Amino acid sequence: MTDKMHIKLKVNGEDKEFLAEPRELLIYALREKLDITGPHVGCDTSHCGACTVTLNGKSVKSCTMFVAQANGAEITTIEGIGEPDALHVLQECFREHHGLQCGFCTPGMIIRATKLLEENPNPTEEEVRFGMAGNICRCTGYQNIVKSILAAASEINTAKEAAQ
């Protein structure tokens, strides 16, 4: 048995502290210790992206990172980007453009897409497909996911232009 380590994280804007074994994976700490269940365990091998979170401003597959490596980090999950009564533009566009079916991959897709649009606010379809390549959906043919992300990019850009 490994000694437990005191872990401090800022998750979705809230400070969290807990004890965990250093070798515990971040995805399990989020889900089991903090009850943040948006990121899903899909493959445990980093292939599917269902566990994607933003960690210190970068997209990370939380099934490939030890919680000890994340100690002191700022993490954003799907729970941190919108509210039921005020969805994030990507959440709204996924709903409007049928970018989800079963919904299992959706939290990871949306978190990755959020970062993609920060990195490239006006992507082409090809750039969206490339930028989302690490996130797998087993239900769709990706067309509506891509359409949802492009629609969100357009809405975000329109809002920025209107604000200027």
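This one's a predicted model, so the numbers in the text were calculated from it and none came from an experiment.

Novice: Which parts of the structure should I look at to understand the nonpolar core?
Specialist: Burial of nonpolar side chains together is a common tendency in soluble globular proteins. One finds Leu90, Phe94, Met109, Met132 and Ile149 to be the most contacted residues of the largest nonpolar core, which totals 21 residues. Ignoring anything within four residues of it in the chain, the contact list for isoleucine 149 reads Leu90, Phe94, Ala113, Leu116, Leu117, Val128 and Met132. One finds Leu9, Ala29, Val60 and Ala70 within the second-largest nonpolar core, a separate group that totals 18 residues.

Novice: Looking at this model, I keep getting lost on the domain arrangement of the protein. Mind explaining?
Specialist: Interface size, as often reported, equals the accessible area lost upon joining of the parts. Assigned domains of the protein: these are domain 1 (5-80) and domain 2 (89-163). Measuring from the centre of the C-alpha atoms in domain 1 to the corresponding centre in domain 2 gives 22 Å. Across the interface of domain 1 and domain 2, roughly 1,200 Å² is buried in total on both sides, 58% from carbon and sulfur atoms. By the criterion of area lost to domain 2, the three top residues of domain 1 are His40, Cys48 and Ile78, representing 38% of everything that side buries. At the surface where domain 1 touches domain 2, the tally comes to 0 salt bridges. In this assembly, domain 1 and domain 2 are joined by 7 residue pairs in polar contact (both at pLDDT 80 or more). Elements with a contribution of two residues or more to the side of domain 1 that touches domain 2: strand E3 (52-55) and strand E4 (58-61).

Novice: Before we go on, may I ask you to explain the sheet that holds E4 in this structure?
Specialist: The pairing of strands in a sheet happens through backbone hydrogen bonds and is either parallel or antiparallel. One open sheet accounts for 5 strands, arranged E2-E1-E5-E3-E4; its pairing is mixed. Since the sheet does not close on itself, it has two edges, and those belong to strand E2 (14-20) and E4, each with one partner. Pairwise comparison of adjacent strand axes, ignoring direction, gives a mean angle of 40 degrees for this sheet. Where strand E1 (residues 5-11) lies against strand E5 (residues 74-76), 2 bridges are found, and the strand directions are parallel. Each residue of the ladder has a partner; that of lysine 10, found in E5, is glutamate 74. On top of the sheet, helix H1 (residues 26-33) reaches E1, E2, E3 and E5; it is set at about 105 degrees to E2, its chief contact.

Reading guide: rules and limits
- Residues numbered from 1 in each chain as written.
- Predicted model: local features only at pLDDT ≥ 70, side-chain atom pairs only at ≥ 80, totals over all residues.
- Heavy atoms only, no water.
- Core = buried A, V, L, I, M, F, W, Y, C linked by side-chain atoms within 4.5 Å.
- Buried < 20%, exposed > 50% of the residue type's maximum accessible area, 1.4 Å probe, protein only.
- Contact = heavy atoms within 4.5 Å.
- Domains from an automatic or database assignment.
- Buried area = accessible area lost by both parts, 1.4 Å probe.
- Salt bridge = Lys/Arg side-chain N within 4 Å of Asp/Glu carboxyl O.
- Polar contact = N/O pair within 3.5 Å; in protein donor to acceptor, adjacent residues only side chain to side chain.
- Helix = DSSP H or I, 4+ residues; strand = E, 2+ residues; numbered from the N terminus.
- Pairing = 2+ DSSP bridges.
- Axes fitted to C-alpha atoms, helices over the stretch in contact; angles between N-to-C directions.

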